[in-house]
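Below are the chains, spelled out letter by letter.
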Amino acid sequence: MADSGRSQPEAGRAGGATASPLGHEQGRANPFSDGSCATRVIAVSSGKGGVGKSTVTVNLAIALASAGHRVGLLDADVYGFSVPAMLGLAGEPSISEAKVTPLAAFGLNVMSMGFFVGDEQPVIWRGPMLHKALEQFLVDVDWGGPDFLVVDMPPGTGDVALSMSQYLPASEVYVVTTPQPAARRVAQRSAYMARKLNLPLRGVIENMSWFNAPDGTRSEIFGHGGGAQLAEELGVPLLGQIPLVAALREGGDAGHPVMASEPSSEVAEVFRHIAERIVGLGRSRVFRQELRIK
Ligand SMILES: Nc1ncnc2c1ncn2[C@@H]1O[C@H](COP(=O)(O)OP(=O)(O)OP(=O)(O)O)[C@@H](O)[C@H]1O
Ligand SMILES: [Mg+2]
C-alpha cells in the first residue's frame, strides 16, 4: 500500500496498532451522528452479492440530484469498490486544512476507497484500520451538508457494515433484490442485518425484473414476484422494479450512468420514480443512539 505512490487516508499511513486516535476522538465532529442532522442517509444493501447494489446506488443518487437535491455518494464497499469506475472518476481528492474535498461527477459529491488505492491493488486492511478509514470518510470529508447521502453498502454484516452503522446511526436501509422467489431467505438475511446494525428497513427495490426483447416482448428471465414477496415479508413497500437493460451494464462499464446519459429512457424513468418514492417516505423517525453497537 505504501508503495502505491498515492496519498491515503490516515488509517492507511498509520499502520495497524500504532495508529493514533482519529476523528471525533480528536474533537472533530461527525456531522452524520447527530440526531439533528438534516441529511437523510440512504443505505443501499442486499442479502446477496451481484444483484445490482452499486448500479442502483449510482443511478438513484443521480436521480435524486437531478430532482434538485444536494447529494453525496459514499462508496462503503471498501473491499469491492466499483463506484469510481461506474462514474468514470479517477484521481485523488484534494486535501486542504485537514479537510478532504470529495470528487464531483453528475452533480454528486463522491468518496470511495478507490480514490486512494489503485484498481489493481486489493484492499487487505483488517477491521480497526477500515473502521478508521471509514470514520475519516465521514469526519474529514467536506460533504457540505447534503440533503441525501446515498451509501453503497458492502455485502453482509462484516466489519465495514458494523462501522457504517456506528458512524451513520440514522441510516435508512433499502434492500436490492432480484425477482427469483427466494424471498424468504433474503428477507431473513436483510432483517437480520438491519436488526444487527440496529437500522430501520424502509423499502425493497427489485432489479433485473424483466427484459424487453427487440420484438417488444417482455421476458421475465430471472423469475417473477421476488421483490413483492420480500417487501411483504419485511413489511415495507416495494419501491420499484428495474428492467434488465444492456445500457445499464454498458453505462456502468463506461463510466456513463444511464440516468445521466439517457434520462428519457424507460429505466431512467424507473429510477426517477424510486427516488420520488424515497423522498415521499420522509425521514425515518427511528433514531436510537443509545442502542448503537459499541
Ligand atoms: N438492471 C440491470 N440491467 C443490466 N445490467 C445490470 C443491471 N443491474 C446491474 N447490472 C450489471 O450487473 C453487474 C452487477 O451489478 P452491480 O455491480 O451493480 O452489483 P452489486 O450488487 O453492487 O455487486 P457486488 O455485490 O459485487 O458489489 C454489473 O455489471 C452491472 O452493470
Ligand atoms: Mg457493488
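Look up a bit, the structure's there.
Owing to the predicted nature of the structure, the values given are computational and were not obtained by experimental measurement.

What counts as what
- Residues numbered from 1 in each chain as written.
- Chains lettered and ligands numbered in written order.
- Predicted model: local features only at pLDDT ≥ 70, side-chain atom pairs only at ≥ 80, totals over all residues.
- Heavy atoms only, no water.
- Helix = DSSP H or I, 4+ residues; strand = E, 2+ residues; numbered from the N terminus.
- Buried < 20%, exposed > 50% of the residue type's maximum accessible area, 1.4 Å probe, protein only.
- Areas by Shrake-Rupley, 256 points an atom, 1.4 Å probe, with all protein chains shown as cover.
- Pairing = 2+ DSSP bridges.
- Near = heavy atom within 4 Å.
- Polar contact = N/O pair within 3.5 Å; in protein donor to acceptor, adjacent residues only side chain to side chain.
- Nonpolar A, V, L, I, M, F, W, Y, C, P; charged D, E, K, R; others polar.
- Axes fitted to C-alpha atoms, helices over the stretch in contact; angles between N-to-C directions.
- Contact = heavy atoms within 4.5 Å.

## With respect to the overall build of the chain
- Across its full length, the chain holds 10 helices and 12 strands.
- Buried residues in the chain amount to 52% of all 294 residues.
- Of the roughly 12,800 Å² of accessible surface on the chain, a fraction of 53% belongs to carbon and sulfur atoms.

## Describing the pairing of strand E9 (residues 201-207)
- For E9, the buried fraction is high: seven of the seven residues fall into the buried class.
- With five bridges joining them, strand E8 (residues 172-177) and E9 adopt parallel strand pairing. Each residue of the ladder has a partner; that of Val 175, found in E9, is Val 204.
- As judged from the four bridges shared by E9 and strand E12 (residues 238-242), these two strands associate in the parallel manner. The residue bridging Ile 205 from the neighbouring strand is Gly 240, located in E12.

## A short note on the site of ligand 1
- In the vicinity of ligand 1 lie 17 residues, with Gly 50, Lys 53, Ser 54, Thr 55 and Asn 207 positioned nearest.
- Side-chain polar atom of Ser 54 to an oxygen atom of ligand 1: 2.8 Å apart, as the coordinates give it.
- In this structure, Pro 243 approaches ligand 1 through a main-chain N or O atom, which is 2.9 Å from a nitrogen atom.
- Taking 630 Å² as the accessible area of ligand 1 by itself, protein coverage stands at 78%.
- Among the secondary structure elements, those contributing two or more residues to the shell around ligand 1 are helix H2 (53-66) and helix H8 (246-254).
- Grouping the constituent residues of the shell around ligand 1 by class yields eight nonpolar, six polar and three charged.

## Regarding the sheet that holds strand E1 (residues 40-45)
- Strand order in this open sheet of eight strands is E5-E6-E2-E7-E1-E8-E9-E12, and the pairing throughout is mixed. The open sheet has two edge strands, strand E5 (103-105) and E12, and neither has a second partner. With strand direction ignored, the average angle separating the axes of adjacent strands in the sheet is 25 degrees.
- Note: E5 against strand E6 (residues 108-112), three bridges, orientation antiparallel. Its bridge partner lying in E6, Ala 105 is registered against Leu 108.
- Running over the sheet, helix H7 (residues 226-234) touches E8, E9 and E12 and is turned about 170 degrees from E9.

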